[in-house]
Amino acid sequence: MELNNNQLLRFTTAGSVDDGKSTLIGRLLYDSKSIFEDQLASIEATSKRKGHEGVDLALFTDGLRDEREQGITIDVAYRYFTTPKRKFIIADTPGHIQYTRNMVTGASTANAAIILIDARHGVIEQTKRHAFIASLLQIPHMIVCINKMDLVDHQEAVFNDIVSQFEVFSSKLDVQDVRFIPISALNGDNVVNRSEQMNWYQGSPLLHTLETLHISSDTNKIDARFAVQTVLRPQREGFLDYRGYAGRIASGIYRVGDAVTVLPSGFTSKIASINSGEEEVSEAFAPMSVSMTLEDDIDISRGDMIVKTNNQPEMHQEFDVMLCWLNDQPARPRAKYSLMQTTNEQKAMIKEVVYQIDINTYARNTENKNLTMNAIARVTIKTTRPFMLDSYRDNRMTGSIILIDETTNETVAAGMVV
Amino acid sequence: MSKYFLNYLDELESEAIFVLREVWAQFENPVILFSGGKDSILVTHLAHKAFYPARVPFPLLHIDTGHNFPETIEFRDRLASEKGLQLLVGSVQQSIDTGRVAEERGKNATRNILQTTTLLDTIEAQKIDCAIGGGRRDEEKARAKERFFSHRDDFGQWDPKNQRPELWNLFNGKQFEGEHFRAFPISNWTEMDVWNYLLREQIDIPSLYFAHERQVVWRNDSWIPVSDHLKLEPGEAIEIKKIRFRTLGDITITGGIESDADTLEKIVTEVAAMRQTERGNRTDDKRSESAMEDRKREGYF
C-alpha cells in the first residue's frame, strides 16, 4: 500500500436527516469499505429491532445515546475514510438544532462543503442557510448534491431546475467553486459509482470529485505568518544558547536567511535555522509545525508573530468582523471579552453592531443590536492593544478570532475579519 | 503538483504537535496519560518532536490497575528512563485498599471502570490541570464527538451535549479551579494512520503487538491471555496459539487475534485488510451500546 503522497481533505456535510445526509455518509463509508463487520452487525441488529427493511445506513452516524433515542444529531461528529487517492475527514454537522453554531464549527477547517438538496423539494430555507455559512466561512469548494433523484424518476429537468434555483440566490454569495451532482444516496447512484439511471449526467460521481478537487492552493502560500506558541529553551549540553520559537506556520513559506520582522515589537532579524522535529530544514511552509531560531537575540514570547519584513499585516485597534454568536447568553453591550487570534490573547469589546444578517433571506437589519444565539452580524471590535490585521478572505488562519466570556470561560463567539 | 503541500501523515503530525504545544502554553501542570499502548507511545513520540531540542516537558501518568501485561510495565519503565521522563503512577489497588472503590463481581468482572476513580483522585492530588490522552475519534461513536481540548467539570465529568465550540486552530483551555481538561492531539488519526506512522518513523512498541505464541482461552469471541487474574469457566480450556494484540488494555479484558504478523510491515498489511474494528476485541466496550459514552461521562479516559 503506497499512500505516501496522499493529501488530507476535510469536508463538511450540511443537511438534515430528511435530506438523507446520514444515508449519504453511510453510503460513502460503506461503498469505500470503511465500515467494519462488527459495526455493520450492530447496525443490522438495530435496524431489525426498529423494524426497518434492510440495513439503515443512517444509523451508522448516530453517536450519543440521546441522539439514538431521539433520532437527531446534537453535535458535530467526525468520521474518517481513506481511498487509494486521499484521506478524508468528514465534519458531520446537524441540520436543525443549533445549526449555526455547529455548521460554523464544522466549516472552519473544511476544504469543501457538501450541501444536500432533496430533489422533491428543491432549494429551501435550509439550503440558503448552509450555502451562506459555507461562503461566510470561505470554504474553498462547494459541492451541491441533489439527492433522492430516484424519487423524481431521475429526470434531468428536475436537476436543471434546481441548479438554476441555486444559481439565482448564490449569485449574492462569495463562492469560488460550485459543482452540482445528481445522486441517490439510498441506492448509491453517483455517490461512489456512476449511475446507470442518469446517463444524461456527464460529470464525476461524488467520491471521484472529492478525490480530485485541487486543494493544494487552499492554504495561503503568499503572506508568510508565523505565530509563536511557545519558546524552546533546552538548558542542556550542546543547546545552552538555543532559543527556538515554536509554532505552526499559518500561511506562506519561510526560508533560512529570510529577513523577518517580529510583531508587535517591530524588531527585525534573519532566520538562522528552521527545525521540523529533530530534522533541520532549509525551508518550511504552511501548515507545518516547526521551530525557528533568529540571528539576533530579541525578546519574543507567545502571541508574537514573525512575518517577512516585506509583507506585514496592518496593525489596528478598531476593525470590523463578521461575528457568529454561539452562546445561550446574549452579548453584553460594551462588555469586555477575551479575544483569541492565533496564539495571541487580549481584552476586547464589541463597540458597535453594524448590522445583522438574516441567513435565510440575506437581508440586513441595522435596527436590531442584540446578539443572541446563532446571530450573524457585522460588528466593530475594539482591542486594548494593536491587533495584527489580515482579512479572513486572504487568510483563514490569521483572519479568524474567537471571543471568550471570562465570567463563564465559554467560547461565546467566532469572528472573521472583514 | 506543487511541492508545497503536506501528505496526510505529515499534516496529522503537524496538527498533533500544534495541539501538544498549545497544551504546554495554556496549562500549568499537564501530563501525558500513558497506558503503554501504541497510542500513548505515539503521543509521547510526537511530544518529543514538538519540543526538540528541549526535553518533553510532560510527566507520564500511568493508571495502574495491577492487572497488567508484564511486557507493558517493562516497556513503560524503559521508555521513561530513556527519554528522561518523570513517571507518575496512580494505583487502582491502592484505591481498593483505601475503600475508594470496590472490586466488581460477576463473571466478566474487571478493574476497567475502577480506573476512573483512581484517575480523578490522582488528577486532584497532583493538581493536574490537563491530561493528554491518546484517544481517537475513529475508535468509538462517543469519541467521535470529542474536542481537541475537552472540558471536565469539578467532578471530572464530561458533558457531551454542552461542549465548547472549537473553531479553526483556536483552542480555549480556560478553566475554574477544580476543573480540568483532557487534550487529544491524535483525535483525527485512524488506527491505520497510527500504524502507518509507527512504521514510517520506526517507533518502538511493546512486543505484545507482534505475533507470538501464548497461552490463551477462547472467550467472548476472542483469545483472552492466561494470567493470574483469569479464572477458567467450566468448558473453557487453555490452548497455545500464535496471536497478537491490536489494542492493549488490562490483561483481563484485552483479547488477541490469531496472526502471523511479526513485523511492523506485516501488521500494516494485516490491519489494512481487517474487517473488524480494533475495539471489537475489548470486552469493556461490549457491555452495552453506550458503554463508552457512559464511562466517558464519568471521567474515563
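How each quantity is defined
Within each chain, residue numbers correspond to sequence positions counted from 1 in written order. Starting at A for chains and at 1 for ligands, labels are handed out in the order in which the entities are written. For a predicted model such as this one, the threshold for reporting local features is a pLDDT of at least 70, and the threshold for listing and counting side-chain atom pairs is 80 or more; totals across whole chains, interfaces and linings nevertheless cover every residue. For the side-chain quantities, the full set of heavy atoms in the structure was used; hydrogens and water were omitted. Secondary structure elements are defined from DSSP: runs of H or I of at least 4 residues count as helices, runs of E of at least 2 residues count as strands, and each element is numbered from the N terminus. Restricting the calculation to C-alpha atoms gives the radius of gyration, and the globule rule supplies 2.2 Å times the number of residues raised to the power 0.38. Three labels apply to residues, based on accessible area from a 1.4 Å probe with only protein chains included: buried if under 20% of the type maximum, exposed if over 50%, partly exposed otherwise in between. In what follows, a contact means two residues having at least one pair of non-hydrogen atoms within 4.5 Å. Residue exposure ignores everything except the shown protein chains as possible cover, and the areas themselves are Shrake-Rupley values with a 1.4 Å probe. Start and end positions for the domains come from either an automated domain assignment or a database one. Buried area: the accessible area, evaluated with a 1.4 Å probe, that two parts lose upon being put together, summed over both parts. For this document, the term salt bridge refers to a Lys or Arg side-chain nitrogen within 4 Å of an Asp or Glu carboxyl oxygen. Polar contacts, as used here, are pairs of N or O atoms within 3.5 Å; protein pairs need one atom able to donate a hydrogen and one able to accept it. Residues neighboring in sequence count only if both atoms are side-chain atoms. Following the grouping adopted for this structure description, the nonpolar residues are Ala, Val, Leu, Ile, Met, Phe, Trp, Tyr, Cys and Pro, the charged ones are Asp, Glu, Lys and Arg, and the polar ones are all others, Gly among them. Here the nonpolar core consists of buried residues drawn from Ala, Val, Leu, Ile, Met, Phe, Trp, Tyr and Cys, with membership extended through side-chain atoms lying within 4.5 Å. Any two strands are treated as partners once DSSP identifies two or more bridges connecting them. Note on definitions: angles span 0 to 180 degrees between N-to-C directions of axes, and those axes are lines fitted to C-alpha atoms, for helices only across the stretch in contact. Distance thresholds for patches are 9 Å for like charges and 5 Å for nonpolar side chains (Val, Leu, Ile, Met, Phe, Trp, Tyr), applied to residues having over 30% relative accessible area and no salt bridge. Charge assignment in this entry is limited to Lys and Arg as positive and Asp and Glu as negative, and neither His nor the chain termini are counted. Lys charges are placed at NZ, Arg charges at CZ, Asp charges at CG and Glu charges at CD. These descriptions rest on fixed angle ranges, namely under 35 degrees for roughly parallel, over 145 for roughly antiparallel, 65 to 115 for roughly perpendicular, and the rest for oblique. The crossing is said to be left-handed when, going from far helix to near helix, the turn is anticlockwise and less than a right angle, and right-handed when the turn is clockwise.

J.: Sorry if this is basic, but what is going on with the overall build of chain A here?
T.: Check the secondary structure of chain A and you find seven helices and 23 strands. Its C-alpha atoms give chain A a radius of gyration of 24 Å, within 12% of the compact-globule value 22 Å for 418 residues. Summarising its shape, the C-alpha atoms of chain A cover approximately 70 × 60 × 40 Å along the three principal directions. The buried share of chain A, taken over its 418 residues, is 63%. In chain A, the proportion of contacts linking residues at least 24 apart, taken out of those at least 6 apart, comes to 70%. For chain A, the exposed area adds up to about 16,800 Å²; of that, 45% sits on carbon and sulfur atoms.

J.: Help me understand the domain arrangement of chain B in this model?
T.: Bring the parts together and some accessible area is lost; that lost area is often taken as the interface size. Residues and elements named next belong to chain B. With domains assigned, chain B is organised as domain 1 (8–193 + 289–298) and domain 2 (206–284). With centres defined by C-alpha atoms, the gap from domain 1 to domain 2 works out at 24 Å. Listed as interface residues are 25 residues of domain 1 and, on the opposing side, 25 residues of domain 2. Overall, the association of domain 1 and domain 2 removes approximately 2,100 Å² of surface from exposure, summing both partners, and the carbon and sulfur fraction of that is 55%. For the domain 1 face of the interface with domain 2, the top three residues by lost area are His67, Phe69 and Glu191, together amounting to 31%. The interface formed by domain 1 and domain 2 holds two salt bridges in total. Of the charged contacts in the structure, one is a salt bridge between Arg214 and Glu71, with a shortest N-O distance of 3.3 Å. Between the two partners, domain 1 and domain 2, sit seven residue pairs in polar contact (both at pLDDT 80 or more). Looking at the side of domain 1 that touches domain 2, the elements that each hand over two or more residues are helix 2 (38–51), helix 3 (70–83), helix 6 (191–201) and helix 8 (291–298). A per-class count over the side of domain 1 that touches domain 2 returns six nonpolar, 10 polar and nine charged.

J.: Can you help me understand the domain arrangement of chain A in this one?
T.: Residues and elements named next belong to chain A. By the assigned domains, chain A splits into domain 1 (7–218), domain 2 (225–308) and domain 3 (314–417). Distance from the C-alpha centre of domain 2 to the C-alpha centre of domain 3: 29 Å. Contact with domain 2, which involves 11 residues of that partner, is made by nine residues of domain 3. The junction of domain 2 with domain 3 conceals about 890 Å² of combined surface from both sides, 65% of it contributed by carbon and sulfur atoms. Secondary structure elements with two or more residues in the side of domain 2 that touches domain 3: strand 7 (225–227) and strand 9 (244–251). Among the residues forming the side of domain 2 that touches domain 3, the class breakdown is six nonpolar, three polar and two charged.

J.: Can you walk me through the nonpolar core in this structure?
T.: Considering soluble globular proteins, one finds that nonpolar side chains tend to be buried as a cluster. Counting 67 residues, the largest nonpolar core has Leu20(B), Phe58(B), Trp189(B) and Trp195(B) as the members making the most contacts within it. Sort the elements by how many residues they give to this core and helix 1 (residues 8–26) of chain B lands first, with nine residues. With residues near it in sequence (within four places) discarded, Trp189(B) still touches Lys87(A), Leu12(B), Glu13(B), Ala16(B), Leu42(B), Leu46(B), Arg136(B), Asp138(B), Val194(B) and Tyr197(B). Among the nonpolar cores identified, the runner-up in size contains 48 residues, and Ala131(A), Ala134(A), Val163(A) and Leu170(B) belong to it.

J.: It is not clear to me how the sheet that holds strand 3 (residues 86–92) of chain A should be interpreted in this structure. Could you clarify?
T.: The strands making up a sheet are joined through hydrogen bonds of the backbone, oriented either antiparallel or parallel. Residue and element names in this part refer to chain A. Read across the sheet, six strands follow the order 2-3-1-4-5-6 without closing on themselves; strand pairing throughout is mixed. Every interior strand has two partners, whereas the edge strands, strand 2 (77–82) and strand 6 (177–182), have only one. Averaged over all pairs of adjacent strands, the angle between strand axes in this sheet comes to 25°, irrespective of strand direction. Strand direction decides the pairing type here: strand 1 (residues 7–14) and strand 4 (residues 112–118), joined by four bridges, are parallel.

J.: I'm lost on the side chain of Arg101(A) in this one. Help?
T.: Along the polypeptide, Arg101(A) turns up in helix 4 (residues 99–107). When near neighbours in sequence (up to four residues on either side) are disregarded, Arg101(A) contacts Leu326(A), Met373(A), Asn374(A), Gln163(B), Arg164(B) and Pro165(B).

J.: Can you walk me through the interface of chain A and chain B in this structure?
T.: Across the contact, 87 residues belong to chain A and 66 residues belong to chain B. Carbon and sulfur atoms supply 54% of the area buried between chain A and chain B, which totals about 6,900 Å² over both sides. For the pair chain A and chain B, the number of links is seven salt bridges. Here Lys174(B) and Glu406(A) are joined by a salt bridge, their closest N and O atoms 3.7 Å apart. Linking chain A with chain B are 29 residue pairs in polar contact (both at pLDDT 80 or more), by the criterion used here. Residues of the side of chain A that touches chain B, tallied by class, amount to 33 nonpolar, 29 polar and 25 charged.

J.: Which parts of the structure should I look at to understand a negative patch on the surface?
T.: Residue and element names in this part refer to chain A. On the surface, Asp241, Glu295, Asp296 and Asp297 cluster together to form a negatively charged patch. When you line up the elements, Glu295 lands in the loop between strand 15 (289–294) and strand 16 (305–308). On the basis of relative accessibility, which here comes to 52%, the residue Glu295 falls in the exposed class.

J.: Teacher, can you tell me more about unusual backbone geometry here?
T.: Residues apart from glycine generally show negative phi values, whereas peptide bonds are mostly found in trans. A cis amide bond links Leu263(A) to the next residue, Pro264(A), at an omega of 5°. In this structure, Pro264(A) sits in the loop between strand 11 (259–263) and strand 12 (268–276). Residues Tyr52(B) and Pro53(B) are joined by a peptide bond in cis, for which omega reads 5°. Structurally, Pro53(B) is set in the loop between helix 2 and strand 2 (60–64).

J.: Looking at this structure, how should I read helix 4 of chain A?
T.: Residue pairs three or four apart in sequence face the same way in an α-helix, which turns once every 3.6 residues. Counting buried positions along helix 4 of chain A gives eight out of nine residues, so the element sits mostly inside the fold. Along helix 4 of chain A, the residues that are buried comprise Thr100(A), Arg101(A), Asn102(A), Met103(A), Val104(A), Thr105(A), Gly106(A) and Ala107(A).

J.: What am I meant to see in the packing of helix 6 of chain B against helix 7 (residues 264–273) of chain B here?
T.: Helix-helix packing: each pair is described by the crossing angle between the helix axes and the interaxial distance. All names here are of chain B. Where helix 6 contacts helix 7, the two axes come as close as 9 Å, and the packing angle between them is 165°. Between helix 6 and helix 7, the interaxial angle falls into the category roughly antiparallel. Of the two possible hands of crossing, helix 6 and helix 7 adopt the one that is left-handed. Contacts between helix 6 and helix 7 involve Glu191, Met192, Trp195, Asn196, Leu198 and Leu199 from the first element and Leu264, Glu265, Ile267, Val268, Val271 and Ala272 from the second. Taken together, the residues of the contact of helix 6 with helix 7 sort by class into nine nonpolar, one polar and two charged.

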